[in-house]
Amino acid sequence: DDIDMSIVKMNNNGIQMFIKHYDIDFIKAIQLYENFVVKTNVLELDRVKSKWSQKIYNSKNELCLNAKIVVVFARNGKVTRISRELFSFFKENLM
């Protein structure tokens with residue numbers, strides 16, 4: 001779902017997101033030019049980092065990749081806490 005908070009919008013407000021850890025389980029290949037679906041769920045969220053689950057499905061709706069991702073919030077390239085307002089926005093729209 002679209003929550004009207006793009007990476008560009010966050011960057012314009014001085015907030016960046018960096019991948020701290022990415023754990024990938026490859027299951028099966030997706031063919032060249034094949035359509036696929038990426039489903040992302042936020043599992044945990046605090047003002048410094050968030051943990052996500054990401055699953056990629058091929059055009060037959062078969063699971064092809066399963067990943068766990070840890071993302072940290074940053075300002076000017078340094079890890080930081082996001083504002084309480086942004087945290088509340090994410091919590092209400094992502095969890």
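Reading the values: rules and limits
- Residues numbered from 1 in each chain as written.
- Predicted model: local features only at pLDDT ≥ 70, side-chain atom pairs only at ≥ 80, totals over all residues.
- Heavy atoms only, no water.
- Core = buried A, V, L, I, M, F, W, Y, C linked by side-chain atoms within 4.5 Å.
- Buried < 20%, exposed > 50% of the residue type's maximum accessible area, 1.4 Å probe, protein only.
- Helix = DSSP H or I, 4+ residues; strand = E, 2+ residues; numbered from the N terminus.
- Contact = heavy atoms within 4.5 Å.
- Phe/Tyr/Trp six-rings, centres within 6.5 Å; stacked < 30°, edge-to-face > 60°.

Enquirer: Pulling in residues and values, what's your account of the nonpolar core?
Expert: Counting residues in hydrophobic clusters, the biggest one holds 9 residues: Met 10, Ile 15, Val 42, Leu 45, Phe 73, Ile 82, Leu 86, Phe 87 and Phe 90. Broken down by secondary-structure element, the contributors of at least two residues to this core are β2 (37-45) and α2 (84-94). Sort the elements by how many residues they give to this core and α2 lands first, with 3 residues. Ile 82 has contacts with Ile 15, Arg 47, Phe 73, Phe 87 and Phe 90, leaving out every residue within four places of it along the chain.

Enquirer: Kindly report on the packing of aromatic side chains, identifying the contributing residues and their values.
Expert: Scanning the model with the defined rule gives 2 aromatic pairs in all. Consider the rings of Phe 73 and Phe 90, whose centres lie 5.9 Å apart with planes at 15 degrees: the pair is stacked. Within this pair, whereas Phe 73 is found in strand β4 (residues 63-75), its partner Phe 90 is found in helix α2, the two being separated by 17 residues in sequence. Judged by relative accessible area, Phe 73 falls into the buried class, the value being 1%. Judged by centre distance (6.1 Å) and plane angle (55 degrees), the rings of Phe 89 and Phe 90 are tilted. An aromatic cluster is defined as three or more aromatic residues linked by ring pairs; in this entry it consists of Phe 73, Phe 89 and Phe 90.

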